[in-house]
Amino acid sequence: MSARRYLSKTAPIARNPDATLDLLAERAPAVKAAVPHAQLLVLPELHLSAVPELLDESDGYADSVAVSLPGPLTERLGEIARASKLWIAAGSVYERSDEGHIHNTAVVVSPEGELAARYRKVFPWRPTGRSVPGDGFVTFDIPGVGRLGLAI
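Residues numbered from 1 in each chain as written. Predicted model: local features only at pLDDT ≥ 70, side-chain atom pairs only at ≥ 80, totals over all residues. Heavy atoms only, no water.

Participant: Help me out: how do you make sense of the sheet that holds strand β4 (residues 115-120) in this one?
Facilitator: In a beta sheet, neighbouring strands pair by backbone hydrogen bonds and run either parallel or antiparallel. Pairing within the open sheet is mixed, and its four strands lie in the order β1-β2-β3-β4. Each edge of the open sheet carries a strand with a single partner, namely β1 (40-42) and β4. Strand-to-strand twist of the sheet, defined as the mean angle between neighbouring strand axes without regard to direction, takes the value 30°. Alignment of strand β3 (residues 102-109) against β4, held across five bridges, turns out to be antiparallel. Directly across from Ala106, in β4, lies its bridge partner Tyr119. (Pairing = 2+ DSSP bridges. Helix = DSSP H or I, 4+ residues; strand = E, 2+ residues; numbered from the N terminus. Axes fitted to C-alpha atoms, helices over the stretch in contact; angles between N-to-C directions.)

Participant: Please explain the packing of helix α2 (residues 17-34) against helix α4 (residues 72-84) as it appears in this structure.
Facilitator: The contact between α2 and α4 brings their axes to 8 Å, and the two run at 20°. With respect to their mutual orientation, α2 and α4 come out roughly parallel. The element α2 and its partner α4 pack so that their crossing is right-handed. Between α2 and α4, the residues in contact are Leu21, Asp22, Leu24, Ala25, Ala28, Pro29 and Lys32 and Leu73, Arg76, Leu77, Ile80 and Ser84, respectively. For the contact of α2 with α4, a count of residues per class yields eight nonpolar, one polar and three charged. (Parallel < 35°, antiparallel > 145°, perpendicular 65-115°, else oblique. Left-handed = near helix turned anticlockwise from the far one by under 90°. Contact = heavy atoms within 4.5 Å. Nonpolar A, V, L, I, M, F, W, Y, C, P; charged D, E, K, R; others polar.)

Participant: Explain the pattern of salt bridges to me, please; I cannot follow it from the model alone.
Facilitator: Using the criterion set out here, one finds six salt bridges in the structure. The closest approach of N and O atoms between Arg76 and Asp22, which form a salt bridge, is 2.9 Å. Here Arg76 is found in helix α4, whereas its partner Asp22 is found in helix α2, with 54 residues between them in sequence. By relative accessible area, Arg76 is classed as partly exposed at 27%. (Salt bridge = Lys/Arg side-chain N within 4 Å of Asp/Glu carboxyl O. Buried < 20%, exposed > 50% of the residue type's maximum accessible area, 1.4 Å probe, protein only.)

Participant: Can you help me understand the pairing of β3 in this one?
Facilitator: Looking down a regular strand, the side chains alternate between one sheet face and the other. Most of β3 sits inside the fold, with eight of its eight residues counted as buried. Neither face of β3 is open: one carries Ile102, Asn104, Ala106 and Val108, the other His103, Thr105, Val107 and Val109, and all of them are buried. Inspection of the sheet shows strand β2 (residues 87-96) paired to β3 by seven bridges, in the antiparallel sense. For Ile88, the partnering residue across the bridge sits in β3 and is Val109. Following β2, the chain reverses through five residues before pairing antiparallel with β3; Gly100 in that reversal takes a positive phi of roughly 90°. In this antiparallel pair of consecutive strands, β3 and β4, the connection spans five residues, and Gly113 shows a positive phi of 90°.

Worth remembering: the numbers are spatial, not functional.
Right, here's the structure in full:
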């Protein structure tokens, strides 16, 4: 399969977080089957939020797709991680905090399906980023591998 064709099957589906998550559910086990020794699958920033195409209108998009963490998204990611036997660093998503703020938040789920880490981007790029900054840095341990840090 050509690289271009493979990428088209892993790219997020713009403006459709649910379909993008469904695609991850298909692809994660395929990654593990293709690379059996893989332990960690890493996705890019805002992958699961399925942000609009670069030149498409995006005002209000983050607010419309923001999720609560933990919640249904992390439960589904847990199912995908268990099925694929992978740690999943799911890039980042727009998260709605209990105070109603929108954060750009990275999440990591263990192969047991547990939420292992959550990091709110500390330094959003202000000219275009509209998310509220987080207030700390986060690490997590993969047993037998080491300690990893999250950054966006």
